[in-house]
Amino acid sequence: AGNAEVAKKVQALGLTVNDDILLDEGLMERFFGRLDGKELATYAYVWPVDMFEPTHTAFDVESVAAVSTRIRSTLLNIDSQYEGGGNHIVLTSHADVL
């Protein structure tokens, strides 16, 4: 989704989006498939398997490997937009992504 589309989602939550702030869905939390929106405790079905099989997609979750690939791609894309260095960039995300 583009920045305008993400900004609409953020604004729907009652938050303000400044033009200097870029929103990138590449930094979004891991998708937990059929467990998304369920109690946090249900994620415990996934995390132990992650330690042994980073490509698993049990419960239709986004695999650890896929999250890693997505984040790497996002960081490289952001970095490519600011060639020459000297820029201060603050990134934020949540939980498994970090």
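Residues numbered from 1 in each chain as written. Predicted model: local features only at pLDDT ≥ 70, side-chain atom pairs only at ≥ 80, totals over all residues. Heavy atoms only, no water.

Student: Help me understand the overall build of the protein chain in this model?
Tutor: Secondary structure assignment for the protein chain yields three helices and zero strands. Judged by the C-alpha coordinates and their principal axes, the protein chain covers about 40 × 35 × 20 Å. Relative to its 98 residues, the protein chain shows a buried fraction of 24%. Just so you have it, the protein chain exposes about 7,100 Å², and 57% of that area is on carbon and sulfur atoms. (Helix = DSSP H or I, 4+ residues; strand = E, 2+ residues; numbered from the N terminus. Buried < 20%, exposed > 50% of the residue type's maximum accessible area, 1.4 Å probe, protein only. Areas by Shrake-Rupley, 256 points an atom, 1.4 Å probe, with all protein chains shown as cover.)

Student: Teacher, can you tell me more about the packing of aromatic side chains here?
Tutor: Given two aromatic rings, their pairing is described by the distance between the two centres and the angle made by the two planes. If you walk through the whole model with that rule in mind, you get four aromatic pairs. Summarising the aromatic geometry, the rings of Phe32 and Tyr43 are spaced 3.9 Å apart at their centres and angled 5° between planes, so their arrangement reads as stacked. Of the two residues, Phe32 sits in the loop between helix H1 (3-12) and helix H2 (47-52) while Tyr43 sits in the loop between H1 and H2, which places them eleven residues apart along the sequence. Tyr43 matches Phe32 in its accessibility class, with the two residues each being buried. An aromatic cluster is built from Phe32, Tyr43 and Trp47, whose rings are joined through pairwise contacts. (Phe/Tyr/Trp six-rings, centres within 6.5 Å; stacked < 30°, edge-to-face > 60°.)

Student: How should I be thinking about helix H3 (residues 64-80) in this particular structure?
Tutor: Residue pairs spaced three or four apart in an α-helix point in one direction, given the helix's 3.6 residues per turn. With 17 residues, H3 ought to run about 24 Å at 1.5 Å a step, and its terminal C-alpha atoms sit 24 Å apart, in line with that. Turning to H3, its buried residues number three or more, namely Val67, Arg70, Ile71, Thr74 and Ile78. For H3, the angular spread of the buried residues around the axis is 95°, confining them to a single face. Among the exposed residues of H3, those oriented more than 90 degrees off its buried face are Thr69, Arg72 and Asp79. (Expected span 1.5 Å × (residues − 1). Arc of directions from axis to C-beta.)

Student: What is the right way to read the environment of Lys8 from this model?
Tutor: With respect to the helices, strands and loops of the structure, Lys8 is situated in helix H1. The sequence separation of Lys8 and Ile89 amounts to 81 residues, and the corresponding C-alpha distance is 22 Å.

Student: Sorry, what's going on with the layout of surface pockets here?
Tutor: A probe as big as a water molecule, rolled over the atoms, marks out the empty space that is left. Considered as a void within the structure, the largest pocket measures approximately 630 Å³ in volume. Taken together, 23 residues line the largest pocket, and the ones lying closest to its centre are Leu22, Leu23, Asp24, Leu27 and Thr92. Going through the elements one at a time, H1 and H3 are the ones with two or more residues in the lining of the largest pocket. In terms of residue count, H1 provides more of the lining of the largest pocket than any other element does, three residues in total. Across the lining of the largest pocket, the residue classes tally to twelve nonpolar, seven polar and four charged. (1 Å grid on protein atoms, 1.4 Å probe; cavity = no way out; pocket = protein on both sides within 12 Å on 5 of 7 lines; lining within 4 Å. Points joined across faces, edges and corners; volume = space filled by probe spheres on them. Nonpolar A, V, L, I, M, F, W, Y, C, P; charged D, E, K, R; others polar.)

Student: So what exactly am I meant to see when it comes to the side chain of Glu62 here?
Tutor: Relative to the helices and strands, Glu62 resides in the loop between H2 and H3. According to the relative accessible area criterion, Glu62 is buried, its value standing at 16%. Apart from residues no more than four positions distant in its own chain, Glu62 is found in contact with Glu29, Arg30, Phe31, Val67 and Arg70. (Contact = heavy atoms within 4.5 Å.)

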